[in-house]
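One-letter residues, chain by chain:
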Amino acid sequence: MTSGLSFALLALMLLSPTVAFVPIGGESSTHISITGKALLQKVMETCQSLALAAGHEFKPTGSSPEEVVQACLGPTATGQVSSVKFHSALQEIYTQNGLVDRNFVNSAPHHFNSETFLEGRNLITEGMASIKANVRSENFKAARETLGRILHTLQDFYSHSNWVELGYTEPYVALIRRDLTLENLADIDTPTCSDCKTGTCPNPILQNILNLNKLTSGYMGIFSDEKPQGKCSHGGQADLTSTTVPRGGINKDERRSDNVAFHNAAVNAAIVASVQLLEDIRLTVGNKDYLRLMGIARSSVVCFVIDNTASMGDDIDEARKVVYKIIDSKKGTQDEPSEYILVTFNDPSFGPLFRTTDPEKMKMEISKIKPTGGGDIPEMCLSGLQLALTGSPASSQIYVFTDAKAKDIHLKNTIVALIRSTKSTVSFYITPNKRRRRRSVRAASSFADYRDLALASGGHAIHVSKSQLAEATDVILDTSTSALVTVYQRTRDPGNPETFPFVLDESLQNVTIYITGSSISFTLTNPAGMSQSNTEISGVLAIIQTVGNLRRILIKENKQPGSWKISINSKQPYTIKVTGQSTITFIYDFVESFKGPHPGYAVINGLPQAGQPATMILSVMGRKGPSSISVENVGLVVPDTGAESNGTANDMGNGDILVTVDAVPAGEFVVVLKGTDKVSNSVLQRQSTTQLTVSKVNIQAMVDSSVEPGENFNLPFSVMTQGPSGTFSISGKNDRDFPMKYPSSLILTTGAYTNGTLSIKPPSHTPSGTDVTVTLEVKSFNNVESNYAVLRLSVLTKITDFFQPLCEVVNVFADDCPRDMSQCKFFEWELSANLTDGNGTGIEIISLRQGNGTLSYTSLSAKIIQANYNASCCSQIVEFVAIDEVGNVGKCYHSIERSAGNAVSSPSWLPLALCFLITTWTVKP
């Protein structure tokens, strides 16, 4: 493992070899293509399974992710559904997969280098346990990040070992099974390779190693050319051991003329192995949660953060009505929220966070809120918001109801970091209560702080009286939609008369313009030159609603695509935002390149670096996939001034675009995309909502493993400044209030990384599967420069049970099933079995995966669980799955299908990982 995260040092020392299983971008034979193929295959299988169970066909209208998501969510729900969360989930997995090549470049187990088979398998199996625990606790982001890392390690096994040279074409199942022995490992004293003078020999593995089926992998030396005598090297320019006899290397990362067959075999094995690992996870968590892990759900997540002090009675009632209205009006449509989240706060308490996918449970929970206490003005608003930001999916819409200022204003920078990290939008509904008494607080705060946070996220800060709140909450109905996109957004402070142009394309529906500010007049003009002023409440172009400091302008459905404009006249600060519903959108991440054995791009955790071009990877989503969109320009725009810096775009394929902006704007900026929708041949524009900036400070940190309850976990980090040297302050926070230790400051030298360590200790009673979000911030002492890193850690109780549940089939009664299948509906067959978990943690779930019959079983607490299955003879296949408390899966397939007059039956129960090796035998009917 790279000591102290000396990334800059590594980058200088590593050469630039050819691209191989690269983490991001490229065509075939890359980590992204291998992972993508496996993920898509398993998603398609899961969607198909759910469709069959629901009694309808899974028939996407095309092969694009957009069409797959629409078909997967079902043909009965009306309305548009966005694939943005699916794309975002995949990108999170790809990102962490790629970071293994940067953050763990010198860690042999992360790549199965140097014959570290046991250590590499431990990373995979511990990661799988963490993923299962996280998904069960609905911590999907933490699960995706771990999934990306362990898929990289698993895939590297097939490229870095001699598995395919030994003639194997199927995955090595023991890599995801701690209860199976890793066999025939070459020991440290056994030579494994012959010398390759040219450095690229087709197969330098010694013949006796092949004859004995000995498993080996190449040694990798980034800082040293030493390796055990006679051992294979990884190979390549970055591997110093490749020049030590035996020279050369055995990696199959890149396709060369001398290794095409081995490279292709390694790629194919890596894909199948990735699918196998994903299937294990799917069986444990179930189809619906597996799809949620993959981001396939209606995109709308309703998250409320509510002040429940005594003066908030009317506000709470209104929030309750809004939730009820959302649930009742959107039920059965694609706009029906996929998840509901609720956080309350007052002083001194906040939380806990409540989440559910059941709308009736959300109704019940919000009905329990009773206004109590209060009296003084400041409340723990930002603490509640922090909990919501870390507990909600990325890109969520979060609505805060309060009539008080924030007591915990010290969290403001942390909230901004979380907003930028999650790209969530926060809107505040502020109903100031003048009767509440002011009490001194440690740090001054004002309602302007809420406006700052709303602007940073692209949300609204709506000031209304309590009597006006009901009208203002219509915005929540607008924005709690599956396919919400932002077309245009600008801010002005101070205000001045100005005309704002924006483009509406044919795909947009429910177009709404929001203006927040006071003393505002405006005129709206469509492409044909027709106009409507703010005095016309219901005019030819729109319906205008005014409540408090908010103007809500609903464009009529017969809108004309093309160039619109709105002229605003006000000397007061104001914001303008244009939104609509469309499946045409984009996601983006700022990245930095890195060198090494497998160079690529790593997503920046924090702000892009100042003083150099900004690079981002942007993924475009169209109605018929990325090919249905023509991208003309991607740039960075300053919302305060409209100043735009255009980027240079490089199409990487599959809808991914690498964009470089040489002249990064000073101050805060957003990302703007302009192009053409090929489906309608209409010009379009889209804008990100989260405001970012650049920093001369860079902070890097990495998560390697899960955290054990009651144990200290050390998180190394490195900080560098491109500005003046000096002392920089360090601060850290986490959303669970776990004890943490870290240096309060670091002395930085310009251009050099300085290392630090953050230590965190979850209490011993912390439930397994809990995730904790750590925000680490660095600041210059004059507060001119700052940056942050946001990391998710998974708390996982140490697992000692790695054995799958087993089953013994006791009886099968299928003799009555007729040979003539036209008569099958008049007959039934039965199966009985005994299920056990030995000395394991105990069976927690038994479920039927295949078969249209009835499954019953005795108490799960029994040492031997008796299961019975009966079905019509028309349903001739049954598959049971038993899952123990830590997620080990036992799977069995049984068939009574007849062939040439005989019944074919599978063996009784087999562990999951053997399901690919099931054999059958013939018995008499």
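Rules used in this analysis
Residues numbered from 1 in each chain as written. Predicted model: local features only at pLDDT ≥ 70, side-chain atom pairs only at ≥ 80, totals over all residues. Heavy atoms only, no water. Phe/Tyr/Trp six-rings, centres within 6.5 Å; stacked < 30°, edge-to-face > 60°. Helix = DSSP H or I, 4+ residues; strand = E, 2+ residues; numbered from the N terminus. Buried < 20%, exposed > 50% of the residue type's maximum accessible area, 1.4 Å probe, protein only. Lys NZ or Arg CZ within 6 Å of the ring centre and 35° of its normal. Axes fitted to C-alpha atoms, helices over the stretch in contact; angles between N-to-C directions. Left-handed = near helix turned anticlockwise from the far one by under 90°. Contact = heavy atoms within 4.5 Å. Nonpolar A, V, L, I, M, F, W, Y, C, P; charged D, E, K, R; others polar. Pairing = 2+ DSSP bridges. Core = buried A, V, L, I, M, F, W, Y, C linked by side-chain atoms within 4.5 Å. Disulfide = S-S within 2.5 Å. Expected span 1.5 Å × (residues − 1). 1 Å grid on protein atoms, 1.4 Å probe; cavity = no way out; pocket = protein on both sides within 12 Å on 5 of 7 lines; lining within 4 Å. Points joined across faces, edges and corners; volume = space filled by probe spheres on them.

The next point concerns the packing of aromatic side chains. Tallied over the full model, the rule gives 21 aromatic pairs. Plain terms: the ring middles of Phe 428 and Tyr 450 are 4.7 Å apart, the flat faces sit at 15° to each other, and that makes the pair stacked. Residue Phe 428 is found in strand β5 (residues 425-430), and its partner Tyr 450 is found in helix α14 (residues 447-457); the two are separated by 22 residues along the sequence. The same class applies to Phe 428 as to Tyr 450, namely buried. Three or more aromatic residues link up through ring pairs in this structure, and these residues are Phe 112, Phe 117, Phe 157, Tyr 158, Trp 163, Tyr 168 and Tyr 172. Cation over ring: Arg 178 sits above Phe 802, and NZ or CZ is 4.1 Å from the ring centre. The ring of Phe 447 carries Lys 405 above its face, with NZ or CZ at 5.7 Å from the centroid.

So, on to the packing of helix α2 (residues 31-54) against helix α4 (residues 84-103). With their axes 10 Å apart at the nearest point, α2 and α4 run at an angle of 140° to one another. Two packed elements cross with a definite hand, and for α2 against α4 that hand is right-handed. Along the contact surface, α2 presents His 31, Ile 32, Thr 35, Gly 36, Leu 39 and Val 43, while α4 presents Phe 86, Leu 90, Ile 93, Tyr 94, Asn 97 and Asp 101. Its residues assigned to classes, the contact of α2 with α4 comprises seven nonpolar, four polar and one charged.

Here we have five strands laid out as an open sheet, ordered β7-β15-β9-β13-β12, and antiparallel in their pairing. Each having just a single partner strand, β7 (484-492) and β12 (542-547) make up the two edges of the open sheet. The sheet shows a mean angle of 15° between the axes of neighbouring strands, taken without regard to direction. One ladder, built from five bridges, connects strand β9 (residues 509-517) with strand β13 (residues 550-555); its direction is antiparallel. Paired with Tyr 514 across the bridge in β13 is Arg 552.

Now for the nonpolar core. Generally speaking, a soluble globular protein has its nonpolar side chains buried in company with each other. Leu 147, Phe 157, Tyr 158, Tyr 172, Leu 277 and Met 294 are the most contacted members of the largest nonpolar core, which has 62 residues in total. Contributions of two or more residues to this core are made by α2, α3 (65-72), α4, α5 (117-136), α6 (140-160), α7 (207-211), α8 (260-285) and α9 (287-293). Considering every element that reaches this core, the biggest residue donor is α8, with 11 residues. Contact partners of Tyr 158, with chain neighbours within four places excluded, come to Trp 163, Val 164, Pro 171, Tyr 172, Leu 175, Lys 252, Ala 266, Ala 269, Ala 270 and Ala 273. By size, the runner-up hydrophobic cluster in this structure holds 53 residues, among which are Val 343, Ala 406, Ala 417 and Leu 418.

A few words now on the state of the cysteines. Two cysteines whose sulfur atoms are joined by a covalent bond form what is called a disulfide. Applying the stated rule across the entire model yields five disulfides. Disulfide partner of Cys 817: Cys 873, at an S-S distance of 2.0 Å. Because the sign of the S-S torsion sets the handedness, a value of about -75° for the bond joining Cys 817 and Cys 873 places this disulfide among the left-handed ones. Linking Cys 817 in the loop between β33 (806-813) and β34 (828-836) with Cys 873 in the loop between β37 (865-872) and β38 (877-884), this pair joins segments that are 56 residues apart in sequence. In this pair, the class of Cys 817 matches that of Cys 873, namely buried.

With an omega of 20°, the peptide bond between Asp 347 and Pro 348 qualifies as cis. The residue after Asp 493, namely Pro 494, is reached through a cis peptide bond having omega 5°. Tracing the backbone through its elements, the reader meets Pro 494 in the loop between β7 and β8 (498-504). At Glu 138, a position not held by glycine, the phi torsion is positive, near 65°.

Now for α5. The end-to-end C-alpha distance of α5, which contains 20 residues, comes to 29 Å, matching closely the 28 Å that a straight helix rising 1.5 Å per residue would cover. Backbone geometry just downstream of α5 places Glu 138 in the positive-phi region, at approximately 65°.

Let us look at the packing of α5 against α8. When two helices pack together, their arrangement is captured by the angle between the axes and the distance separating the axes. Remark: α5 packs on α8, axes separated minimally by 10 Å, with the N-to-C direction vectors making an angle of 35°. The element α5 and its partner α8 pack so that their crossing is right-handed. Residue-level contacts link Ile 124, Met 128, Ile 131, Lys 132, Val 135 and Arg 136 of α5 to Leu 277, Asp 280, Ile 281, Thr 284 and Val 285 of α8.

Attention now goes to empty space enclosed by the protein. Counted according to the given criterion, the structure contains seven cavities of 30 Å³ or more. As a volume, the largest cavity reaches approximately 240 Å³. Taken together, 19 residues form the lining of the largest cavity, with Thr 146, Arg 149, Asp 704, Ser 705 and Ser 706 sitting closest to its centre. Elements represented by at least two residues in the lining of the largest cavity include exactly α5, α6 and β32 (786-794). Considering each element in turn, the lining of the largest cavity owes the most residues, six residues, to α6. A class-by-class count of the residues in the lining of the largest cavity yields six nonpolar, eight polar and five charged.

Here Val 305 shows up in strand β1 (residues 301-307). In this structure, the C-alpha to C-alpha distance between Val 305 and Ser 457, residues 152 residues apart in sequence, is 16 Å. Each residue touching Val 305, except ones within four places of it in the same chain, is listed here: Val 343, Phe 345, Gly 384, Leu 385, Ala 388, Ile 398, Tyr 399, Val 400 and Phe 401.

One open sheet holds the four strands; their spatial order is β29-β27-β31-β32, and the pairing between them is antiparallel. If you trace the sheet from one side to the other, it starts and ends with β29 (745-748) and β32, each paired once. Strand-to-strand, the axes of this sheet are offset by a mean angle of 25°, without reference to chain direction. In terms of strand pairing, strand β27 (residues 726-734) meets β29 through four bridges, oriented antiparallel. Looking at β29, one finds that Phe 728 is bridged to Leu 746.

Moving on, we come to the pairing of β38. Of all eight residues that make up β38, eight are buried, and the element is covered over most of its length. Side chains Ile 877, Glu 879, Val 881 and Ile 883 of β38 all project onto a buried face; the interleaved residues Val 878, Phe 880, Ala 882 and Asp 884 project onto the opposite face, where all are buried too. As judged from the six bridges shared by strand β35 (residues 843-850) and β38, these two strands associate in the antiparallel manner. The partner of Leu 848 across the bridge, within β38, is Phe 880. When β38 meets strand β39 (residues 889-895), the two strands line up antiparallel, connected through seven bridges. Note that in β39 the partner of Phe 880 across the bridge is Cys 892. In this antiparallel pair of consecutive strands, β38 and β39, the connection spans four residues, and Gly 887 shows a positive phi of 100°.

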